[in-house]
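# Understanding the architecture of this molecule
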Amino acid sequence: MEKRELDAVNIGEKIQAYRQQKGLNIKELSRLVGISPSMLSQMERNLANPSINTLKALSAALETPLYYFFMGESHKEGVVVRPQDRKTVVTPQITEGSYRLLTPDASGELSFYEMYLSPFHGSTDRSMVSESEKVCLVQAGEVTLFMDDQEYHLLPGDSARIPPRSRHGWLNRGKEEARVVIATAAPLL
């Protein structure tokens, strides 16, 4: 991230906004995170910088992806995302493939992702769990969706619903790259 972009990131303002969205006061959030109310107040006013561990604790307490704290304000301006401008989301669960964000950012009520899986690859962990429901549509390739103790073989045009808190994972069983569009009410990460 360049200095100019970093200057546009106001971590303290984001902490305060996410805290208020959750309906928490400073004392409640500081207790959840394990820091003093005074320190949290200083962070929100950009008088102190949180450590990475504190940001992780804030992320968990506010149920907000860690990377949200580092997003500049320019992400709010986008309405249309051209294919060449899509952001790649890196996740350790997909070793040979990627996710691309189809929406301008992941801050809205819904986010759309396109998952790409290389042939004969998929999730390294078949116990991914999301707090929100996901709806998936296979665009290309043949994939297997592992959900709880079931396997579902999906072809192009097939769709599936992954209920909240379901253990799930993916495998591309075909010789071609697989593409799956995913809609979710919460960020993938």
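Above: the structure in question.
Residues numbered from 1 in each chain as written. Predicted model: local features only at pLDDT ≥ 70, side-chain atom pairs only at ≥ 80, totals over all residues. Heavy atoms only, no water.

### Considerations on unusual backbone geometry
- For Glu63, which is not glycine, the phi dihedral falls at a positive 55°.
- Among the secondary structure elements, Glu63 is positioned in the loop between α5 (52-62) and β1 (87-89).
- Taking relative accessible area as the criterion, Glu63 reaches 63% and is therefore assigned exposed.
- With phi around 60°, Arg165 is a residue other than glycine that occupies positive phi space.
- Structurally, Arg165 can be placed in the loop between β7 (159-162) and β8 (168-172). (Helix = DSSP H or I, 4+ residues; strand = E, 2+ residues; numbered from the N terminus. Buried < 20%, exposed > 50% of the residue type's maximum accessible area, 1.4 Å probe, protein only.)

### What about the packing of helix α3 (residues 26-33) against helix α4 (residues 37-44)?
- Where α3 contacts α4, the two axes come as close as 8 Å, and the packing angle between them is 105°. The angle between the axes of α3 and α4 places the two elements in the roughly perpendicular class. Here Ile26, Lys27, Leu29 and Ser30 of α3 lie close against α4, whose contacting residues are Pro37, Leu40, Ser41 and Glu44.
- Taken together, the residues that form the contact of α3 with α4 break down as four nonpolar, two polar and two charged. (Axes fitted to C-alpha atoms, helices over the stretch in contact; angles between N-to-C directions. Parallel < 35°, antiparallel > 145°, perpendicular 65-115°, else oblique. Contact = heavy atoms within 4.5 Å. Nonpolar A, V, L, I, M, F, W, Y, C, P; charged D, E, K, R; others polar.)

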